[in-house]
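Structural overview for review
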Amino acid sequence: MEKLQSKERFEQLKKEERTIFMFSADWCPDCTVLEPVLPRLEADYPEYNFIHVDRDEFLELCQELDIFGIPSFIVYHSGEEAGRFVSKDRKTLEEIEDFINGLSS
């Protein structure tokens, strides 16, 4: 999974056809639980570009996007927000798959 390197790159990536930004942090236990399933998610949904956003490195961006709990996901299609799965709760693989499956194509 590509790691976000700059706010400028975020602006570029969100304009692409289908991008899922996963907001996370190294110290987050709920995020760590998801780490082993991320390659499977990427393999199961090749139509999406998955981008890891470190909450601590991009705190200002998280505030702008109202990301106050991690792990969280925001999806963009061609520059428009297409969905968000944002909360402080732990997320299961099944919940993430349901979220992605519920997105309009």
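Our subject is the structure that appears above.
Below, the structure is looked at part by part. This structure is a prediction, so every number in the text was calculated from the model and none was measured.

What counts, and where the lines are drawn
Residues numbered from 1 in each chain as written. Predicted model: local features only at pLDDT ≥ 70, side-chain atom pairs only at ≥ 80, totals over all residues. Heavy atoms only, no water. Patch = residues over 30% accessible without salt bridge, like charges linked within 9 Å, V, L, I, M, F, W, Y side chains within 5 Å. Areas by Shrake-Rupley, 256 points an atom, 1.4 Å probe, with all protein chains shown as cover. Salt bridge = Lys/Arg side-chain N within 4 Å of Asp/Glu carboxyl O. Lys, Arg positive; Asp, Glu negative; His and termini not counted. Charge placed at Lys NZ, Arg CZ, Asp CG, Glu CD. Helix = DSSP H or I, 4+ residues; strand = E, 2+ residues; numbered from the N terminus. Buried < 20%, exposed > 50% of the residue type's maximum accessible area, 1.4 Å probe, protein only. Arc of directions from axis to C-beta. Contact = heavy atoms within 4.5 Å. Disulfide = S-S within 2.5 Å. Phe/Tyr/Trp six-rings, centres within 6.5 Å; stacked < 30°, edge-to-face > 60°.

**Remarks on a negative patch on the surface**
- Taken together, Asp89, Glu94, Glu95 and Asp98 make up a surface patch of like negative charges.
- Mapped onto the fold, Asp98 is located in helix α5 (residues 93-101).

**With respect to α5**
- Looking at α5, one finds that the buried residues are Leu93, Ile96, Glu97, Phe99 and Ile100. Projected down its long axis, α5 shows its buried positions confined to an angular sector of 160 degrees, all on one face. Of the exposed residues in α5, the ones pointing more than 90 degrees away from its buried face are Asp98 and Asn101.
- Considering only its buried residues, α5 is in contact with β2 (19-24), α2 (29-34), α3 (38-44), β3 (49-54), β4 (72-77) and β5 (80-85).

**Some details on the state of the cysteines**
- Applying the stated criterion across every chain, the model contains one disulfide.
- Between Cys28 and Cys31 runs a disulfide, and the two sulfur atoms are separated by 2.5 Å. The chirality of the disulfide connecting Cys28 with Cys31 is right-handed, given an S-S dihedral of about 75 degrees.
- With no disulfide of its own, Cys62 lies 11 Å from the sulfur of Cys31, the closest cysteine sulfur.

**Regarding the packing of aromatic side chains**
- Following the criterion strictly, the structure yields five aromatic pairs and no others.
- Ring centres 5.9 Å apart and planes at 85 degrees place the aromatic pair Phe10 and Tyr76 in the edge-to-face group. With Phe10 in helix α1 (residues 7-14) and Tyr76 in strand β4, the pair connects residues that are 66 residues apart, well separated along the chain. Of the two residues, Phe10 and Tyr76, neither departs from the other in class, the shared state being buried.
- Aromatic pair Phe21 and Tyr76: ring centres 5.9 Å apart, planes at 80 degrees, arrangement edge-to-face.

Note that all results are geometric; they support no functional claim without further evidence.
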